[in-house]
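Single-letter residue listing:
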Amino acid sequence: MTDITPTLTRRHLLQQSLALAGASMLPLGGWADVAPAVRSRAIPSSGEAMPIVGLGTWITFNVGNDTTLLNESAAVMAAFFEAGGRMIDSSPMYGSSQNTLGFGLNKLGESTPVFSADKVWTSNANNGASQIETSEQRWGVPRFDLLQVHNLVNWESHLRLLRRMKAAGEVRYIGITTSESRRHAEFENVMHGQPLDFIQVSYNILNRDSENRILPLAMDKGIAVIANRPFQQRRLIHHLEGKPLPPWAQEFDATSWSQFLLKYVISHPAITCAIPATTRVDHVRENMACAAGPLPDATQRERMAAYVRDL
Amino acid sequence: MDTWLSYHLSDFMLFSERVYWRLFDQINSLVGAFLPAVIALGCLLLVGVWSRHRAVQIATALLLAAFWISSACLFLWLHYAPVNWAARYAVPFFLLEAGLILLVGINPQLNRPLTRWDARGSVGFVMLVYAVIAHPFTSLMFGRPLGSAEFVGLAPDATALATLGYALMVASNKALWLLLPISVIALALSGLTLYTLGTPEAWVIPIALLVTLATLFSTKPLADATNTAPPARP
Ligand SMILES: NC(=O)c1ccc[n+]([C@@H]2O[C@H](COP(=O)([O-])OP(=O)(O)OC[C@H]3O[C@@H](n4cnc5c(N)ncnc54)[C@H](OP(=O)(O)O)[C@@H]3O)[C@@H](O)[C@H]2O)c1
């Protein structure tokens, strides 16, 4: 997948998106002016540009009714948009995360450039539509940009529903997700047999299972890829803390382990967007900075993986 | 290096330790000015369990039952369920436990004789004192602010720990089977949650459960209230 380089301004990217998506995006507002140009990749099925770093919400945004934490989450969202981010991923499975997103979007105003990615996650085929409606209400969005079948739960009937919704203009993109490598064979079958705009898989410097078949297949079939768990739920960062960052990390501007790890993920040409989750404004800025700077090439990537593997 | 990449118990945890402890902050601020009254009511349990008056015994059971209801409503329903959907399924069991405490409290046949300064009664009283007075301060011990302290009547763990103490002191052998299962299961699940969250306080609960079980197995079963008549001698 080709990069859309940061020479374009964010306003241009959004205007391009509007054109490509049939003027269906939220209106431009203050965010477009403050946001720097960030590296984006095109969603193959539409050509819409997507900044390569997004935001996850598993655990981090499940804060219940706690006003202090709700406001902290809104500050993370504000910093994310300010840094040029768009894609936020959630699921009905993530406790109160969808409500937190609704709180944040409401607080930040209607003009946020959010690309709303959510999921359908119910074993009962008949509950899919009502679950999606509830999720929309929680986010406070009229419709989602992307709906994915979470962990392939009841994927046949849910994908039928999502296809119908897409045809009716009730969702812009559809896809499937998994975080388990042991389900890759089934995942691959669905990729072969179903028309999908997006897939979402776990991918990081030590969990490279999807490099073998899933990512090449996505490139072949023109499917956008969201990489979840870039830090393996922070375990990777914990593991590397205190260990020396190799001096050659400077070659691609990685100044911390988190940037080293994230740059590894987003430099794979099949990845459209990685979605690290965080509770912290400084971390979201650090992550978004990866989308602005240089990325490692194929040789550097191999070196990075070998270095971490041998630590 | 990839062993730690495989599944962890924490993969199934929906929320962070910080969010969990802040739930108690929220409950304590919700109760606000009434917090001293809640603590004072907790202290009444310590007095009530010694009383020989039926009315006081019933009032004590009523108070403990009310504590289960309040912790179900304030903690489970209002605060915990939004971050952990499974919490709402525990609510009926908390209400059932409240009912069972009342049943034991109002039924003299389900009480043990008032010789409570024996091994079982003493351990029970220590447990009750711990739950009401000492447990809230564990937050300070582990570097959390007192604002997130767990009080009997508001926090399920403190309330269940108090119930273990109450059961050891008051319940007949049969009635232990009524009072202990829900408290023990609630504490075990909570202990597992704390362990998974990686909080150092996780060890408090297994110790309390072990002490309760050890007390029950090491002390001779006492005669129940109904069997206190001296054996007939020829
Ligand atoms: N099947 C599925 O559909 C599926 C499965 C898994 C995940 N997902 C999605 O993917 C998202 C990401 O995965 P994840 O949340 O499991 O794990 P992750 O993004 O790999 O790791 C999140 C952790 O990394 C830490 N972190 C983030 N940025 C950091 C930085 N710059 N420096 C240091 N620490 C940093 C965060 O802690 P701080 O809060 O301290 O920053 C957080 O605890 C999820 O939130 C979810 O939206 C989807």
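These numbers come from a predicted model, not from an experiment. (Residues numbered from 1 in each chain as written. Chains lettered and ligands numbered in written order. Predicted model: local features only at pLDDT ≥ 70, side-chain atom pairs only at ≥ 80, totals over all residues. Heavy atoms only, no water.)

> Got a minute to help me understand the site of the ligand in this structure?
All names here are of chain A. Residues in close proximity to the ligand total 30 residues, the closest being Asn151, Phe231, Thr278, Thr279 and His283. Take Thr57: an N or O atom from its main chain is 3.0 Å from an oxygen atom of the ligand. At 2.7 Å, a side-chain N or O of Asp89 approaches an oxygen atom of the ligand. Starting from 900 Å² of accessible surface for the ligand in isolation, the protein chains cover 94%. (Near = heavy atom within 4 Å. Polar contact = N/O pair within 3.5 Å; in protein donor to acceptor, adjacent residues only side chain to side chain. Areas by Shrake-Rupley, 256 points an atom, 1.4 Å probe, with all protein chains shown as cover.)

> Any chance you could explain a nonpolar patch on the surface here in plain terms?
A grouping of Met141(B), Trp203(B), Ile207(B) and Val211(B) is seen on the molecular surface, where their side chains present a nonpolar patch of about 400 Å² in accessible area. Structurally, the position occupied by Met141(B) is in helix H6 (residues 138-141). (Patch = residues over 30% accessible without salt bridge, like charges linked within 9 Å, V, L, I, M, F, W, Y side chains within 5 Å. Salt bridge = Lys/Arg side-chain N within 4 Å of Asp/Glu carboxyl O. Helix = DSSP H or I, 4+ residues; strand = E, 2+ residues; numbered from the N terminus.)

> What should I look at first to understand the packing of aromatic side chains in this one?
The geometry of two aromatic rings is summed up by the distance between their centres and the angle between their planes. Applying the stated rule across the entire model yields 25 aromatic pairs over all chains. Consider the rings of Trp257(A) and Phe260(A), whose centres lie 5.0 Å apart with planes at 75°: the pair is edge-to-face. Note that Trp257(A) and Phe260(A) are positioned in helix H10 (residues 257-266) at a spacing of 3 residues, about one turn of the helix. Of the residues examined, Trp257(A) reaches a relative accessible area of 9% and is grouped as buried. When its relative accessible area of 0% is taken as the criterion, Phe260(A) is described as buried. With centroids separated by 6.3 Å and ring planes inclined at 80°, the aromatic side chains of Tyr20(B) and Phe75(B) adopt a geometry described as edge-to-face. One end of the pair, Tyr20(B), is in helix H1 (residues 17-31); the other, Phe75(B), is in helix H3 (residues 54-83), with 55 residues separating them in the sequence. No difference in accessibility class separates Tyr20(B) from Phe75(B), as the two residues are buried. Connected via pairs of aromatic rings, a cluster forms that spans Phe15(B), Tyr20(B), Trp21(B), Phe24(B), Phe75(B) and Tyr80(B). Between the NZ or CZ atom of Arg301(A) and the centre of the ring of Tyr264(A), over which it lies, the distance is 4.2 Å. If you follow Arg144(B) out to its NZ or CZ, it ends over the ring of Trp21(B), 3.4 Å from the centre. (Phe/Tyr/Trp six-rings, centres within 6.5 Å; stacked < 30°, edge-to-face > 60°. Buried < 20%, exposed > 50% of the residue type's maximum accessible area, 1.4 Å probe, protein only. Lys NZ or Arg CZ within 6 Å of the ring centre and 35° of its normal.)

> I would appreciate a short explanation of the side chain of Gln300(A) in the present structure.
Examined against the element boundaries, Gln300(A) turns out to sit in helix H12 (residues 298-310). Setting aside chain neighbours within four positions, we find Gln300(A) in contact with Glu251(A), Phe252(A) and Leu295(A). (Contact = heavy atoms within 4.5 Å.)

> In this structure, what is going on with the sheet that holds strand S3 (residues 49-51) of chain A? I would like to understand it.
Pairing between sheet strands relies on hydrogen bonds along the backbone, with the strands arranged either parallel or antiparallel. With respect to topology, 3 strands assemble into an open sheet ordered S1-S2-S3 (chain A), the strand pairing being antiparallel. Both outer strands of the open sheet, strand S1 (3-4) and S3 of chain A, are each paired with one neighbouring strand and no more. (Pairing = 2+ DSSP bridges.)

> Can you help me understand the interface of chain B and chain A in this one?
How big an interface is tends to be stated in terms of the accessible area lost upon association of its parts. Counting residues at the interface gives 20 residues for chain B, matched by 25 residues for chain A. Summing both partners gives a buried area of about 1,900 Å² for chain B against chain A, and 53% of it is carried by carbon and sulfur. On inspection of chain B and its partner chain A, the count reaches 2 salt bridges. Remark: the boundary between chain B and chain A carries 7 residue pairs in polar contact (both at pLDDT 80 or more). Counting residues per element, the ones that place at least two in the side of chain B that touches chain A are H1 and H3 of chain B. Class assignment for the residues of the side of chain B that touches chain A results in 11 nonpolar, 6 polar and 3 charged. (Buried area = accessible area lost by both parts, 1.4 Å probe. Nonpolar A, V, L, I, M, F, W, Y, C, P; charged D, E, K, R; others polar.)

> What am I meant to see in the pairing of strand S8 (residues 198-202) of chain A here?
Sheet faces and side chains relate simply in a regular strand, where the side chains alternate between the two faces. Residue and element names in this part refer to chain A. In terms of burial, S8 is largely enclosed, as 5 of its 5 residues are buried. Once the chain exits strand S7 (residues 171-177) it traverses helix H7 (residues 184-193) before rejoining the sheet at S8, and the crossover so formed is right-handed. As judged from the 5 bridges shared by S8 and strand S9 (residues 224-228), these two strands associate in the parallel manner. By the bridge assignment, Phe198 is partnered in S9 with Ala224. In this region the chain leaves S8, passes through helix H8 (residues 214-221) and returns to the parallel neighbour S9; the handedness of that crossover is right-handed. (Right-handed = clockwise from strand over helix to strand, strands pointing away.)

> What is the right way to look at the environment of Gln57(B) in this model?
Residue and element names in this part refer to chain B. Mapped onto the elements, Gln57 comes out in helix H3. Here Gln57 falls in the buried class, since its relative accessible area comes to 12%. Distance in space between the C-alpha atoms of Gln57 and Gly105 is 6.4 Å, their sequence separation being 48 residues.

> Whenever I open this one, the environment of Leu100(B) confuses me. Can you help?
Residue and element names in this part refer to chain B. By the secondary structure assignment, Leu100 is in helix H4 (residues 91-106). Given a relative accessible area of 16%, Leu100 falls into the buried group. A sequence separation of 81 residues divides Leu100 from Val19, and the C-alpha atoms of the two residues are 32 Å apart. Apart from residues lying up to four places away in sequence, Leu100 is in contact with Leu178, Leu179 and Ile182.

> Is there a simple way to explain the pattern of salt bridges in this structure?
Close approach of charged atoms allows side chains of opposite charge to pair. Residues and elements named next belong to chain A. Counting across every chain of the model gives 16 salt bridges over all chains. One salt bridge connects Glu48 with Arg86, and the closest N-O pair in it is separated by 3.1 Å. In this pair, Glu48 sits in the loop between strand S2 (40-42) and S3 while Arg86 sits in the loop between helix H3 (67-82) and strand S4 (87-89), placing the two residues 38 residues apart along the sequence. Across the pair, Arg86 and Glu48 agree in class, each one buried. Counted as one network, the salt bridges with shared partners bring together Glu48, Arg86, Asp145 and Arg172.

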